[in-house]
Amino acid sequence: MKQTKLIPLHRVPATLPKRRNGKRIHVSTTYRWTTRGIDGVKLQTVQVGNLRCTTIEMLEEFFARLASKKQPQPILPAKAGRRESPAAAKAKQALDAAGVVNTSSRQ
């Protein structure tokens, strides 16, 4: 069985890199990661007596799952046959009349 070192949640900020402004994350952030999570991804913990702990492996898995969720989604083309809203049509007419943009050549 592999032994892993438990890290109390109040010590997690000291194990992570500092943010851009040179400050560490606040300890309440680590507790929030375990309860609410980020985008449905929660940091796993274990309760050891009165102390909530995590491990480096659990932190790495948490950040890996977050990174995979943040991958850019492909941009889908606009639906064909979609009607133009009345407000958009009115705006195009006003722009055409003012000579700002020629929208009649667009579709």
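See above for the structure.
To keep things clear, this report deals only with the structure shown in the data block. (Residues numbered from 1 in each chain as written. Predicted model: local features only at pLDDT ≥ 70, side-chain atom pairs only at ≥ 80, totals over all residues. Heavy atoms only, no water.)

Some points on the overall build of the protein
Within the protein, the secondary structure is distributed over four helices and three strands. When the elements of the protein are put in sequence order from the N terminus, they spell out β-α-α-β-β-α-α. Burial status across the protein gives 21% buried among its 107 residues. Counting contacts in the protein only where the partners sit at least 6 residues apart, residues at least 24 apart contribute 41% of the total. (Helix = DSSP H or I, 4+ residues; strand = E, 2+ residues; numbered from the N terminus. Buried < 20%, exposed > 50% of the residue type's maximum accessible area, 1.4 Å probe, protein only. Contact = heavy atoms within 4.5 Å.)

Some thoughts on a nonpolar patch on the surface
Among the surface-exposed residues, Leu6, Val46, Val48 and Leu51 lie close enough to one another that they form a single nonpolar patch of about 270 Å² accessible area. Of note, Val46 is situated in strand S2 (residues 46-48). Residue classification places Val46 among the partly exposed positions, given a relative accessible area of 31%. (Patch = residues over 30% accessible without salt bridge, like charges linked within 9 Å, V, L, I, M, F, W, Y side chains within 5 Å. Areas by Shrake-Rupley, 256 points an atom, 1.4 Å probe, with all protein chains shown as cover. Salt bridge = Lys/Arg side-chain N within 4 Å of Asp/Glu carboxyl O.)

Here we look at the pairing of strand S3 (residues 51-54)
In this structure, strand S1 (residues 7-8) lies alongside S3, joined through two bridges in antiparallel fashion. Looking at S3, one finds that Pro8 is bridged to Cys53. Both S2 and S3 contribute to a ladder of three bridges, which runs antiparallel. Counted as the bridge partner of Val48 is Leu51 from S3. Between the end of S2 and the start of S3, which pair antiparallel, lie two residues, with Gly49 showing a positive phi angle near 65 degrees. (Pairing = 2+ DSSP bridges.)

A short note on the sheet that holds S1
The three strands lie next to each other as S1-S3-S2, forming an open sheet whose pairing is antiparallel. Lying at the two open borders of the sheet, with one neighbouring strand each, are S1 and S2.

Comments concerning the pattern of salt bridges
Applying the stated criterion to the full structure yields one salt bridge. With a closest N to O distance of 3.8 Å, Glu61 and Arg65 form a salt bridge. With Glu61 and Arg65 both in helix H3 (residues 56-69), this residue pair falls four residues apart, about one helical turn.

Here we look at the nonpolar core
Membership of the largest hydrophobic core is limited to twelve residues, which are Ile7, Leu9, Val12, Leu16, Ile25, Trp33, Val41, Leu43, Met58, Leu59, Phe62 and Leu66. Counting residues per element, this core draws most heavily on H3, at four residues. Here Leu59 is in contact with Val12, Thr15, Leu43 and Thr54, once residues within four sequence places are set aside. (Core = buried A, V, L, I, M, F, W, Y, C linked by side-chain atoms within 4.5 Å.)

Observations regarding the side chain of Thr55
Position of Thr55 relative to the elements: it lies in the loop between S3 and H3. Here Thr55 falls in the buried class, since its relative accessible area comes to 4%. A polar atom in the side chain of Thr55 sits 3.0 Å from the backbone nitrogen of Met58. Among all residues touching Thr55, those that are not within four sequence positions of it are Thr4, Lys5, Leu6 and Ile7. (Polar contact = N/O pair within 3.5 Å; in protein donor to acceptor, adjacent residues only side chain to side chain.)

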